[in-house]
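Structure assessment
Spelled out, the chains give:
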Amino acid sequence: MAFSRLLPSHSRLLTALLHTPGPIPNPQPAAASTPLAPFLRSFASATRRAGPSRPRAVDIGARARQLQNRRLWSYGLAFACAAGFVVAVLATFQDQLVFYVTPTDALAKFAADPSKSRVRLGGLVLEGSVAHPSPSSPEIEFVVTDLITDVLVRYDGALPDLFREGHSVVVEGFLKPFTDDLRRDDGRKVADKARECACFLRGTEVLAKHDEKYMPKEVAEALERNKKQLEADAEAAAAQATTVAAVAEGAKASS
C-alpha cells in the first residue's frame, strides 16, 4: 500500500521536471571567433559599395588588327624559313655540280679558284699523245685539246672501247698543279705544249657512252669557234705573207 501511494507522487515529480524550461544558450557567430572575420567583413562592405560588375567593352577593330599582324608575321616567318632552306640546298649542291668545260675554260677556272678543281673536260684526243708514263705504271697519259689549248690527262684505269686518238672525249676528274716530276721531258714533243700549262687533269672517269662522235653541245660549239678562229688566223697569216712577198718582189724589181 505504501508503494502504491508513492508511485503517483514520483510520476508527478518526473512530469514536472520534464516540462520545466531551462536556460537557452546564446550561440556566438562562428565568424567572430576566426582570424579572417575582419577581412571577410571588409570584403563584403567593399563588394556592396562597388555594386554589380559591368562587362568591359571589346574593341573589335583592334582585335582584328592584332590577328592580321599575327597572320602576317606567320607568313613572313614561313617564307623566310623556306627561302633559307632553298639557299642552303643550292649552296650545298653548287659544289657538287660538274659542268662541261674546254681545256681553255679549265685553265681559266683553275687560275681563278684552284680549290674548285672538279671538272668534266671535253675536247679531242691529240693524236700521238696516248702513252704510259712508265712501263711499270698502270696509268695512261694523253692530251685533250680544243685546238687552242692542250691539257695533259693522267688516268688510272681501263679506257672505253670507243676511245680513239683524234676523236672526241669527255674526262671527269680534278685539276692538279704540275710537279717537277710531271714536267720532266719524256721525249714526246706532242705533249710539250700541255706540260707548259699550270695544271693537269687527274682523271677519275673517261666518258664515251654514245659513239666516237659523242661530244657535249658546249664543247662542240667551242671547238667549232676555235676551228673558225684558226682558219681565220691562217688566212690572215697567208695574206700577210703574200703581201710581204709582193713588197719584197717589188723592191727587188725596182732595184
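Look above for the structure.
Residues numbered from 1 in each chain as written. Predicted model: local features only at pLDDT ≥ 70, side-chain atom pairs only at ≥ 80, totals over all residues. Heavy atoms only, no water.

1. Section: helix α8 (residues 217–254)
Relative to the 56 Å expected for 38 residues at 1.5 Å per residue, α8 spans 55 Å between its end C-alpha atoms, a close match to the ideal helical length. For α8, every residue scored as buried is listed here: V219, A222, L223 and N226. Check the buried side of α8 and you find it contacts β1 (100–101), β2 (118–125) and β3 (139–145). (Helix = DSSP H or I, 4+ residues; strand = E, 2+ residues; numbered from the N terminus. Expected span 1.5 Å × (residues − 1). Buried < 20%, exposed > 50% of the residue type's maximum accessible area, 1.4 Å probe, protein only. Contact = heavy atoms within 4.5 Å.)

2. Comments concerning the packing of aromatic side chains
Evaluation of the coordinates by the stated rule reveals two aromatic pairs. With 5.5 Å between their ring centres and 45° between their planes, F178 and F200 make a pair best called tilted. Highlighted residues: F178 in the loop between β5 (168–177) and α6 (180–183) and F200 in strand β6 (residues 199–207), separated in sequence by 22 residues. For the pair shown, F178 and F200 are each scored as buried. (Phe/Tyr/Trp six-rings, centres within 6.5 Å; stacked < 30°, edge-to-face > 60°.)

3. Observations regarding helix α5 (residues 103–112)
Those residues of α5 that sit buried are P103, A106 and F110. Axial view of α5: buried residues confined to an arc of 55°, hence all on one face. Projecting away from the buried face of α5 at angles above 90 degrees are the exposed residues A111 and A112. The inward-facing, buried residues of α5 abut β1, β2, β3, β4 (150–156), β5 and β6. (Arc of directions from axis to C-beta.)

4. Brief notes about the pattern of salt bridges
Taken as a whole and assessed by the stated rule, the structure comprises six salt bridges. Measuring nitrogen to oxygen at the nearest pair gives 2.9 Å for the salt bridge that ties R118 to E172. With a gap of 54 residues between them, R118 in strand β2 and E172 in strand β5 connect regions that are remote in the sequence. Accessibility expressed as a relative area gives 33% for R118, which makes it partly exposed. As a salt-bridge pair, R120 and E172 come within 3.1 Å of each other at their nearest N and O atoms. Note that R120 is positioned in strand β2 and E172 in strand β5, a separation of 52 residues in sequence. The exposure class assigned to R120 is partly exposed, which follows from its relative accessible area of 25%. (Salt bridge = Lys/Arg side-chain N within 4 Å of Asp/Glu carboxyl O.)

So yeah, pure geometry; function would need other evidence.
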